[in-house]
Amino acid sequence: MRVFISADIEGITGVTRWEETQYGGQGYAEACMQMTKETAAACKAAQDLGYDVVVKDGHEDAVNIDMNGMPRGVEMIRGWRCSPAAMMGGLDDSFQAAIYIGYHAPEGSDGSPLAHTVEHGWFNWIRINDCLASEFTINALWAAAYKVPSVFISGDKCICEQAKNICDGIITVATKEGTGNSTWNMHPMDVLDSIYAGVQEALNEGHSLINLENEYKMDICFKEHQRARAASWYPGTTLINPTTVSYTAKDPIELITAKMFMTEI
């Protein structure tokens, strides 16, 4: 049995300012340390139930987690695999569950001072089938395309609530709640205990897959009209207005592949 863990940093408890998420920034080392601990708690919970664990570091250049802080036996994917999978790079249909650590509110929401989707400086929002999309939305769809259920997520309260609307029965741990430029955080040690218990609960329960739709319409509102114009050249994409493009795909893999090419210009 195998579990895939995708880890980010903006939803880790205590992380509040952009500087804490950036190499060389004040508080970055401490944020990475807590990211490592929260990910390790999820790994230990899965291993104690007999699962093999693969972790994908999913923040910035994807080299934030200290491998020496992982339980022995955990396999780690560092860096980017240069594919549409991005934060889910390495996942395939051999996994029985997907787990998300340190996830955060999407661009266009007010659930975190660090709310963003993929690139904070690029987008005003991304919508999929007319619903505000987060990185979790995109990654859970990618997992579902490989018939892997998304069973657990930790991060800010906003993303936990959104995840419940996307995946029936998903277990969540809200590490903090964002208001304006502030976060109200759980104690770091309490978060570790909650993640361990939550992952065990999630893996002990049966979970159904996301019901895949017949088609997926993605609307992307860029902050700069130049990026929208460039994205509109991707085959099948329509320029709706100077900053917004629209694309419709038959399945999540086609959709997310299109997103990669439209947003990597």
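Scroll up to find the structure this text is about.
Model, not experiment: these values are computed from the prediction. One numbering rule holds for all chains: residues counted from 1, following each sequence as written. pLDDT decides what is reported in this predicted model: residues at 70 or higher carry local features, side-chain atom pairs at 80 or more are listed and counted, and totals for whole chains, interfaces and linings draw on all residues regardless. Hydrogens are left out, water is left out, and the side-chain values use all remaining heavy atoms of the structure.

**Quick look at the environment of Asn68**
At step 1: Secondary structure counts use DSSP, requiring at least four H or I residues in a row for a helix and at least two E residues in a row for a strand, with both numbered from the N terminus. Structurally, the position occupied by Asn68 is in the loop between strand E2 (52–57) and strand E3 (75–77).
At step 2: Asn68 sits 45 residues away from Pro113 along the chain, and the two C-alpha atoms are 30 Å apart.

**A few points about the pairing of strand E7 (residues 150–156)**
At step 1: With a 1.4 Å probe rolled over the protein chains alone, any residue whose accessible area is under 20% of its type maximum counts as buried; one over 50% counts as exposed, and the rest are partly exposed. Counted residue by residue, E7 has seven buried out of seven residues, so it is predominantly covered.
At step 2: Here a strand pair is declared whenever DSSP counts at least two bridges between the two strands. Here strand E4 (residues 97–103) runs beside E7; their pairing, made up of four bridges, is parallel. Residue pairing across strands places Tyr100 opposite Ile153, the latter belonging to E7.
At step 3: Across five bridges, the pairing between E7 and strand E8 (residues 171–179) is parallel.

**Some points on the state of the cysteines**
At step 1: Note on terminology: pairs of cysteine sulfur atoms within 2.5 Å are recorded as disulfides. Here the structure, examined in full by the defined rule, presents zero disulfides.
At step 2: Cys131 supplies the cysteine sulfur nearest to Cys221, a cysteine that is in no disulfide, at a spacing of 17 Å.

**A closer look at the nonpolar core**
At step 1: Only buried residues count toward a nonpolar core, which is a set of Ala, Val, Leu, Ile, Met, Phe, Trp, Tyr and Cys residues joined through side-chain atoms within 4.5 Å. Counting 43 residues, the largest nonpolar core has Leu91, Tyr100 and Phe136 as the members making the most contacts within it.
At step 2: Elements that contribute at least two residues to this core include exactly E4, strand E5 (123–128), helix H2 (135–145), helix H3 (157–166), strand E10 (216–222), helix H5 (225–231), strand E12 (244–249) and helix H6 (252–262).
At step 3: Any pair of residues with heavy atoms lying within 4.5 Å of one another is described as a contacting pair. Leaving out residues up to four positions away in the same chain, Leu91 has contacts with Phe4, Ala98, Trp142, Ala143, Tyr146 and Val148.
At step 4: Ranked by size, the runner-up nonpolar core spans 37 residues in total, among them Ala7, Met35, Ala46 and Ile195.

**Some words on the packing of H2 against H6**
At step 1: Running from amino to carboxyl end, H2 crosses H6 at an angle of 140 degrees, the nearest separation of the two axes being 9 Å. One element, H2, and the other, H6, form an angle in the oblique class. Read as a crossing pair, H2 and H6 show a hand that is left-handed. Between H2 and H6, the residues in contact are Ile138, Leu141, Trp142 and Ala145 and Pro252, Ile253, Ile256 and Lys259, respectively. Where helices are involved, their axes are fitted lines through C-alpha atoms of the stretch in contact, as for all axes, and angles between N-to-C directions lie from 0 to 180°. The cut-offs work like this: below 35 degrees is roughly parallel, past 145 is roughly antiparallel, 65 to 115 is roughly perpendicular, and the gaps in between are oblique. Crossing handedness is defined as follows: a turn of the near helix away from the far one that is anticlockwise and smaller than a right angle gives a left-handed crossing, while the clockwise case is right-handed.

**A short note on the sheet that holds E4**
At step 1: If you walk across this open sheet you meet the seven strands as E3-E2-E1-E4-E7-E8-E9, and the pairing is mixed. The open sheet terminates on both sides in strands that have one partner only, identified here as E3 and strand E9 (182–185). Pairs of neighbouring strands in the sheet enclose a mean axial angle of 20 degrees, with direction left out of account.
At step 2: Strand direction decides the pairing type here: E2 and E3, joined by three bridges, are parallel. Along E3, the bridge assignment pairs Val55 with Met76.
At step 3: H2 rests against E4 and E7 of the sheet, and its axis sits at about 165 degrees to E4.
At step 4: Against the sheet, H3 engages E4, E7 and E8, with an angle of about 155 degrees to E7.

**Quick look at the sheet that holds E5**
At step 1: Read from one edge of the open sheet, five strands run E6-E5-E10-E12-E11, paired in antiparallel fashion. Each edge of the sheet is formed by a strand with only one pairing partner; in this case those strands are strand E6 (131–132) and strand E11 (238–241).
At step 2: Here E10 runs beside E12; their pairing, made up of six bridges, is antiparallel. Of the residues in E12, the one forming a bridge with Asp219 is Ser246.
At step 3: The strands touched by H6 within the sheet are E5, E10 and E12, with E12 carrying the most contacts at an inclination of about 150 degrees.

**Regarding the side chain of Asp156**
At step 1: Secondary-structure assignment places Asp156 in strand E7.
At step 2: Counted as positive: Lys and Arg. Counted as negative: Asp and Glu. His and the chain ends are not counted at all. Any Lys or Arg side-chain nitrogen found within 4 Å of a carboxyl oxygen on Asp or Glu counts as a salt bridge. Buried charge without a partner: Asp156 forms no salt bridge, and the closest opposite charge is Lys176, 6.1 Å away.
At step 3: From its side chain, Asp156 meets the backbone nitrogen of Ala105 in a polar contact 2.8 Å long. Polar contact is defined as a pair of N or O atoms within 3.5 Å, subject to the rule that within protein one atom must be able to donate a hydrogen and the other to accept it, and that residues adjacent in sequence are counted only when both atoms are side-chain atoms.

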